[in-house]
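# Coordinate analysis (summary)
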Amino acid sequence: PGDLNKKGLVNLIHESTGSNKEIFITEKIMHCFSKGRPFLLLGNPNSLKYLRDEWGFKTFDFLFDESYDSETDQILRVEKVIQQLESFCEKPFDYQKAIIKEYQHILDHNYKIASTFPHKKLFLELMEKIND
């Protein structure tokens, strides 16, 4: 699986929750940012918006129609993500590589944020709130 991941251009991330009441960000997302990999996200509605607005990441609207992110119906959201993945996969591989390379600055931006992200500090702050 590790070798296959190195050969791919994008990831499909499936988070373990997709409810409309929370935002659930895990290491799967951060891993893609730290590896410079664009992704489609099957997770909570507005997760991409949260990553952009709250943490300063840039998402991949240069590759995908990210309107799936605001879809609250889980089935429709999955269908929209699959449609975007299929649309991407229908394009020639050289085109896919070229468009990702053209937007390398976005991947570099995300890498910089991910590599300096204050995981420990945020975890300790959360634990402090829980203990209060």
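The structure under discussion appears in the preceding block.
Per-chain numbering applies: the sequence of each chain, read as written, is numbered from 1 onward. At least 70 in pLDDT is required for a residue's local features to be given in this predicted model, at least 80 for side-chain atom pairs to be given and counted, and no such filter applies to totals for whole chains, interfaces and linings, which use all residues. With hydrogens and water set aside, each side-chain value is computed from the structure's full complement of heavy atoms.

## Describing the pattern of salt bridges
Two side chains carrying opposite charge are able to pair once their charged atoms lie near each other. We count a salt bridge whenever a side-chain nitrogen from Lys or Arg sits within 4 Å of a carboxyl oxygen from Asp or Glu. Tallying each qualifying case throughout the model produces four salt bridges. Between Asp-53 and Lys-49 there is a salt bridge, with the nearest N and O atoms lying 2.5 Å from each other. Taken together, the residues span about one helical turn, with Asp-53 and Lys-49 both in helix 3 (residues 47–55) at a distance of four residues. The partner of Glu-71 in a salt bridge is Lys-80, and the shortest N-O contact between them spans 3.1 Å. Each helix is a run of H or I in the DSSP string that is no shorter than four residues. Each strand is a run of E no shorter than two, and both are numbered from the N terminus.

## Let's talk about the nonpolar core
By nonpolar core we mean a set of buried residues, namely Ala, Val, Leu, Ile, Met, Phe, Trp, Tyr and Cys, connected to one another through side-chain atoms within 4.5 Å. The cut-offs for exposure are 20% and 50% of the maximum accessible area for each residue type, with area from a 1.4 Å probe on protein chains only; residues under the lower value are buried, those over the upper are exposed, and the others partly exposed. Grouped together as the largest cluster of nonpolar side chains are 28 residues, with contacts concentrated most on Phe-33, Phe-39, Leu-63 and Ile-100. Where this core is concerned, the elements lending two or more residues are helix 2 (27–35), strand 2 (39–42), helix 3, helix 4 (74–90), helix 5 (93–102) and helix 6 (104–115). The contact criterion used throughout is that any non-hydrogen atoms of two residues lie within 4.5 Å. Every residue in contact with Leu-63, bar those within four places of it in the chain, is listed here: Val-10, Pro-38, Phe-88, Ile-99 and Ile-100.

## Details of the pairing of strand 1 (residues 11–14)
Every second residue of strand 1 is oriented toward a common face, the buried set being Asn-11 and Ile-13 and the non-buried set Leu-12 and His-14. Strands are labelled as partners when DSSP assigns at least two bridges between them. By the bridge criterion, four bridges tie strand 1 to strand 2 in an arrangement that is parallel. Looking across to strand 2, one finds that Asn-11 is bridged to Phe-39.

## Side note on the packing of aromatic side chains
Classification of ring pairs uses Phe, Tyr and Trp, with its six-membered ring standing for Trp, and accepts pairs whose centres are within 6.5 Å; under 30 degrees between planes counts as stacked, over 60 as edge-to-face, and the remaining range as tilted. Evaluation of the coordinates by the stated rule reveals eight aromatic pairs. With a centroid separation of 5.1 Å and an interplanar angle of 70°, the aromatic rings of Phe-39 and Phe-60 are classed as edge-to-face. Of this pair, Phe-39 sits in strand 2 while Phe-60 sits in the loop between helix 3 and helix 4, and the two are 21 residues apart along the sequence. Assessed through its relative accessible area of 0%, Phe-39 is described here as buried. Note on Phe-60: relative accessible area 0%, which makes it buried. Taken together, the aromatic side chains of Phe-33, Phe-39, Phe-57, Phe-60, Phe-62 and Tyr-103 make up a single cluster linked through ring pairs.

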